[in-house]
Amino acid sequence: MNMIARLLLLLLLPSLVLAQEGIAWEELAPDERDLLEPLQEDWSSLNPQRQQHLLNGARRWRALDGEAREQAQQRFQEWSQRSPDQRDRIRGRFDDFRSLPPDQQRSMRERFREYQTLPDERRLRLREQFRNRRDLAQPPGNRPDRPRPPGPPDRPAPPPPQGR
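Residues numbered from 1 in each chain as written. Predicted model: local features only at pLDDT ≥ 70, side-chain atom pairs only at ≥ 80, totals over all residues. Heavy atoms only, no water.

Chemist: Quick question: what am I supposed to make of the packing of helix α4 (residues 66–81) against helix α5 (residues 84–98) here?
Modeler: Each packed pair of helices is defined by two parameters, the angle between the axes and the distance between the axes. Contact geometry of α4 with α5 gives a least axis separation of 8 Å together with a crossing angle of 120°. Judged on the interaxial angle alone, α5 and α4 are oblique. Residues Trp79, Ser80 and Gln81 of α4 form the contact with α5, whose participating residues are Arg87, Ile90 and Arg91. Taken together, the residues of the contact of α4 with α5 break down into two nonpolar, two polar and two charged. (Axes fitted to C-alpha atoms, helices over the stretch in contact; angles between N-to-C directions. Helix = DSSP H or I, 4+ residues; strand = E, 2+ residues; numbered from the N terminus. Parallel < 35°, antiparallel > 145°, perpendicular 65-115°, else oblique. Contact = heavy atoms within 4.5 Å. Nonpolar A, V, L, I, M, F, W, Y, C, P; charged D, E, K, R; others polar.)

See below:
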């Protein structure tokens, strides 16, 4: 057992050293430095995980063709124009999706691909049906786009039954 622990330590040691030291600016390839140039002054102060994340992004960017780069730039521009609240809601939905089991994620992706192949008119009708269904699932006071129906004021909910 002691031998296995030593072997693991030897295998992990290089990655631990790199993780603590980070990536020196000079170690980056010239095209990576070109992409990350706005960060050059702050590069050494970034934590190693952030450096690696940015470097991975630069490498993915380099691998994109012209059309894919244009789409990415457009999506980034759209994202930057969203309000912080909208971004938080989108991140929350993404986190919810990522917490689903893989088979449910796969099923949702398939259904979304099918949805994208539908004619625009059909997609608009489905979106409207979904909005209406979602509104009905919320209590009247929580529906943001609908006035509260007239009637007696809400009564507080009865207390839960006591354990026997």
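Chemist: Where do I start with the side chain of glutamate 32 in this structure?
Modeler: Within the secondary structure, glutamate 32 is located in helix α2 (residues 30–36). At 3.3 Å, the side chain of glutamate 32 forms a polar contact with the side chain of arginine 62. With sequence-adjacent residues up to four places away left out, glutamate 32 is seen in contact with Leu55, Arg59 and Arg62. (Polar contact = N/O pair within 3.5 Å; in protein donor to acceptor, adjacent residues only side chain to side chain.)

Chemist: Just checking my understanding: could you explain the packing of aromatic side chains for this structure?
Modeler: The description of an aromatic ring pair rests on the distance of the ring centres and on the angle between the ring planes. What the rule picks out here adds up to two aromatic pairs. Aromatic pair tryptophan 25 and tryptophan 43: ring centres 5.7 Å apart, planes at 70°, arrangement edge-to-face. Linking tryptophan 25 in the loop between α1 (2–21) and α2 with tryptophan 43 in the loop between α2 and α3 (48–63), this pair joins segments that are 18 residues apart in sequence. Accessibility expressed as a relative area gives 11% for tryptophan 25, which makes it buried. For the ring pair phenylalanine 112 and tyrosine 115, a centre distance of 6.1 Å and an interplane angle of 25° mean the geometry is stacked. Of the two residues, phenylalanine 112 and tyrosine 115 are both situated in helix α6 (residues 102–117); the distance of three residues between them amounts to about one turn of the helix. Residue phenylalanine 112 is classed as partly exposed on the basis of its relative accessible area of 47%. For arginine 123, the ring lying beneath its charged end belongs to tyrosine 115, and the centroid distance is 5.6 Å. (Phe/Tyr/Trp six-rings, centres within 6.5 Å; stacked < 30°, edge-to-face > 60°. Buried < 20%, exposed > 50% of the residue type's maximum accessible area, 1.4 Å probe, protein only. Lys NZ or Arg CZ within 6 Å of the ring centre and 35° of its normal.)

Chemist: I'm lost on the pattern of salt bridges in this one. Help?
Modeler: Following the criterion strictly, the structure yields eight salt bridges and no others. Measuring nitrogen to oxygen at the nearest pair gives 2.5 Å for the salt bridge that ties arginine 89 to aspartate 85. Of this pair, arginine 89 and aspartate 85 both sit in helix α5, separated by four residues, roughly a single helical turn. Look at arginine 89 and you get partly exposed, because its relative accessible area is 45%. With a relative accessible area of 46%, aspartate 85 lands in the partly exposed category. Among the salt bridges present, the one from glutamate 121 reaches arginine 125, with a minimum N-O distance of 3.8 Å. Taken together, the positions of glutamate 121 and arginine 125, both in helix α7 (residues 120–137) and four residues apart, correspond to about one turn of that helix. For glutamate 121, a relative accessible area of 57% translates into the label exposed. (Salt bridge = Lys/Arg side-chain N within 4 Å of Asp/Glu carboxyl O.)

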